[in-house]
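Okay, here's what each chain looks like letter by letter:
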Amino acid sequence: FFYYYSWKTPCRNCRHRKMTEGTTRELAHQGLTDADACALSKELATNKTLTSIDLRSNQIGDAGATALEQAIRFENTTLIDIKISDNPCCTSNPSTVANILRLAQRNATLNSSKTPRTARTSRTRASPTSLSSLAPTSSI
């Protein structure tokens with residue numbers, strides 16, 4: 001019997017770091033199962049900092065892939081890069097995996113079109129005098 005309550009408490013067969021730390025999570029070759037993917041999808045629903053996750057070469061099946069797809073589709077808009085190859089779900093349910101990748105691409109497009117207001121207002125504006133100093137001078 002394994003405990004999958006939260007990524008803050010690692011399950012007995014894996015050593016997971018907190019999902020809330022940083023923006024990238026490397027979970028490849030960890031033996032993650034559908035139950036792990038379901039717990040991860042619950043964390044993705046509330047996590048607003050994670051942008052990239054590597055789930056390659058695990059044991060994630062159809063149920064885990066479906067849970068991840070639903071979390072990314074309806075809750076998470078920050079995850080833009082997900083690697084999920086070499087899992088059982090890739091051969092048994094490739095359409096779900098394709099949807100996961102498409103949704104991550106959608107998030108990337110949404111996030112690239114959002115420019116924070118502080119970034120727009122904090123740009124340095126060139127004055128006319130500084131622009132005139134950049135104009136090419138001709139020597140006649």
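To keep things clear, this report deals only with the structure shown in the data block. (Residues numbered from 1 in each chain as written. Predicted model: local features only at pLDDT ≥ 70, side-chain atom pairs only at ≥ 80, totals over all residues. Heavy atoms only, no water.)

Structural notes on the pattern of salt bridges
- With the rule as written, the count across this model stands at 3 salt bridges.
- The shortest N-O distance in the salt bridge between Arg56 and Asp54 comes to 2.6 Å.
- Residue Arg56 is classed as partly exposed on the basis of its relative accessible area, which comes to 34%.
- The residue Glu69 makes a salt bridge to Arg73 at a minimum N-O spacing of 2.8 Å. In this pair, Glu69 and Arg73 are both assigned in helix α2 (residues 62-74), 4 residues apart and thus about one turn of the helix distant.
- On the accessibility criterion, Glu69 (6% relative accessible area) is buried. (Salt bridge = Lys/Arg side-chain N within 4 Å of Asp/Glu carboxyl O. Buried < 20%, exposed > 50% of the residue type's maximum accessible area, 1.4 Å probe, protein only. Helix = DSSP H or I, 4+ residues; strand = E, 2+ residues; numbered from the N terminus.)

Considering unusual backbone geometry
- One non-glycine residue, Ser57, lies in the positive phi region at around 55°.
- As for its position among the elements, Ser57 is in the loop between β2 (52-54) and α2.
- Phi at Asp86 is positive, roughly 60°, even though this residue is not glycine.
- In this fold, Asp86 is placed in the loop between β3 (81-83) and α3 (88-92).
- Accessibility expressed as a relative area gives 57% for Asp86, which makes it exposed.

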